[in-house]
Amino acid sequence: MRDLDTWFNPIYSDNYSRLVKTAYYILWDEDLVEDIVQNAFSALLIKQEQLRDHPNISGWLTLTVRNMADNERNRARYTREIPLLPQHEPTADESPPDFLSLLPSELSSGERQILYLYIEAGLSHEEIAAQLGCKPEASRMRLCRARRRCRELLLKNKCS
């Protein structure tokens, strides 16, 4: 244990702050950065037998932290996060708002329909195309245009 302390403690103290800065530059989330840096040092301890004679431990740690931070950023980009607790729980007298009532009134009926079918009903583009009598590519294009118009109207109404 004493031998491990004399090997690990200087590595930790020399590299910790630099690794935190490296991970923070990629993630911009203090909690995630802290976890990733600690995981990198844990990996170092797990692989200590292989890495004792490594010529560049600092480089190994930096590369490990960068890879872990990149993986976390990519995971977050492609994962939809849903809060565990609802922001507002409806009371017994209050029903949740209808999806269509949340959309801007300036949207056309076609735009409202395709947004409803895709977002609320959860239909695929093939299913939407079958309902609307068009090709799946047309369904994708209509959805893209409806989303863009909805976003513009929501921003316009928010700024007003």
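As a starting point, this report considers the structure included with it. (Residues numbered from 1 in each chain as written. Predicted model: local features only at pLDDT ≥ 70, side-chain atom pairs only at ≥ 80, totals over all residues. Heavy atoms only, no water.)

With respect to the nonpolar core
This is how the line gets drawn: In these notes, a set of buried Ala, Val, Leu, Ile, Met, Phe, Trp, Tyr and Cys residues joined through side-chain atoms within 4.5 Å is what counts as a nonpolar core. Burial status follows relative accessibility: with a 1.4 Å probe on protein chains alone, a residue under 20% of its type maximum counts as buried, one over 50% as exposed, and anything between as partly exposed. For helices the rule is a DSSP run of H or I covering at least 4 residues; for strands it is a run of E covering at least 2, with both sets numbered from the N terminus onward.
Among the nonpolar cores identified, the biggest contains 20 residues, and Ile11, Phe41, Leu44, Ile57 and Leu61 are the most heavily contacted of them. Among the elements of the structure, α1 (2-27), α2 (30-46) and α4 (57-77) are those that each provide at least two residues to this core. Among the nonpolar cores identified, the runner-up in size contains twelve residues, and Leu107, Ile114, Leu123 and Ile128 belong to it.

Re a negative patch on the surface
Short version of the rule: To count toward a patch, a residue needs a relative accessible area above 30% and no salt bridge. Like charges then connect within 9 Å, nonpolar side chains (Val, Leu, Ile, Met, Phe, Trp, Tyr) within 5 Å. The method behind every accessible area is Shrake-Rupley, applied with a 1.4 Å probe, and residues are considered shielded solely by the protein chains displayed. Throughout this description, the term salt bridge denotes a Lys or Arg side-chain nitrogen within 4 Å of a carboxyl oxygen of Asp or Glu. Positive charges are assigned to Lys and Arg, negative charges to Asp and Glu, while His and the chain termini are left out of the count. To locate a charge, take atom NZ for lysine, CZ for arginine, CG for aspartate or CD for glutamate.
A surface patch of negative charge is lined by Glu30, Asp31, Glu34 and Asp35. As for its placement among the helices and strands, Glu34 is situated in helix α2.

Comments concerning α2
For clarity, the threshold we go by: Here the expected length of a helix is defined as 1.5 Å per residue gap, with one fewer gap than residues. The arc in question is formed by the directions pointing from the helix axis toward the C-beta atoms.
Compared with an ideal rise of 1.5 Å per residue, which puts 17 residues at 24 Å, α2 spans 24 Å between its outermost C-alpha atoms and is within 8% of the ideal. Along α2, the residues that are buried comprise Val33, Ile36, Val37, Ala40, Phe41, Ala43 and Leu44. With its buried residues spanning 155° around the axis, α2 presents them on a single face. Set apart from the buried face of α2 by more than 90 degrees, the exposed residues are Asp31 and Ile46.

Looking at the packing of aromatic side chains
In this description, an aromatic ring pair is defined by two values, namely the gap between the centres and the angle between the planes. Threshold: Within 6.5 Å between ring centres, the rings of Phe, Tyr and Trp (the latter by its six-membered ring) count as paired, and their orientation is classed by plane angle as stacked under 30 degrees, edge-to-face over 60, tilted in between.
One pass over the full model with this rule turns up five aromatic pairs. On the basis of an interplanar angle of 50° and a centroid distance of 4.6 Å, the ring pair of Tyr12 and Phe41 is categorised as tilted. In this pair, Tyr12 sits in helix α1 while Phe41 sits in helix α2, placing the two residues 29 residues apart along the sequence. Classification of Tyr12 by relative accessible area gives partly exposed; the value is 28%. Overall, the relative accessible area of 2% leaves Phe41 in the buried class. Ring centres of Tyr24 and Trp28 lie 5.2 Å apart, and the angle between their planes is 45°; on these two criteria the pair is classed as tilted. Connected via pairs of aromatic rings, a cluster forms that spans Phe8, Tyr12, Tyr16 and Phe41.

Let's talk about the packing of α2 against α4
Formally: Between the N-to-C directions of two axes lies an angle of 0 to 180 degrees, each axis being a line fitted to C-alpha atoms and, for a helix, fitted only over the stretch in contact. The labels follow the angle: roughly parallel below 35 degrees, roughly antiparallel above 145, roughly perpendicular from 65 to 115, and oblique for the rest. The handedness criterion is simple: a crossing whose near helix is rotated anticlockwise from the far helix by less than a right angle is left-handed, and one whose near helix is rotated clockwise is right-handed. Two residues qualify as a contact provided that any one of their heavy atoms is within 4.5 Å of a heavy atom in the partner residue. Residues were grouped as follows: Ala, Val, Leu, Ile, Met, Phe, Trp, Tyr, Cys and Pro as nonpolar; Asp, Glu, Lys and Arg as charged; and all remaining residues, including Gly, as polar.
As a packed pair, α2 and α4 sit with axes 9 Å apart at the nearest point and diverge in direction by 135°. In terms of orientation, α2 and α4 fall into the oblique class. Note that α2 runs across α4; the crossing there is right-handed. Here Leu32, Ile36, Asn39, Ala40, Phe41, Ala43 and Leu44 of α2 lie close against α4, whose contacting residues are Ile57, Trp60, Leu61, Thr64, Val65, Met68, Ala69 and Glu72. Taken together, the residues that form the contact of α2 with α4 break down as twelve nonpolar, two polar and one charged.

Some thoughts on the pattern of salt bridges
All chains considered together, the criterion is met by four salt bridges. Across the pair Glu111 and Arg149 runs a salt bridge, and its minimum N-O distance is 3.3 Å. Of this pair, Glu111 sits in helix α6 (residues 109-120) while Arg149 is found in helix α8 (residues 136-159), placing the two residues 38 residues apart along the sequence. In this structure Glu111 comes out as buried when scored by relative accessible area, which is 16%.

Thoughts on the side chain of His125
Mapping His125 onto the fold places it in helix α7 (residues 125-132). On the basis of relative accessibility, which here comes to 12%, the residue His125 falls in the buried class. Setting aside chain neighbours within four positions, we find His125 in contact with Tyr118, Pro136, Ser139, Arg140 and Leu143.

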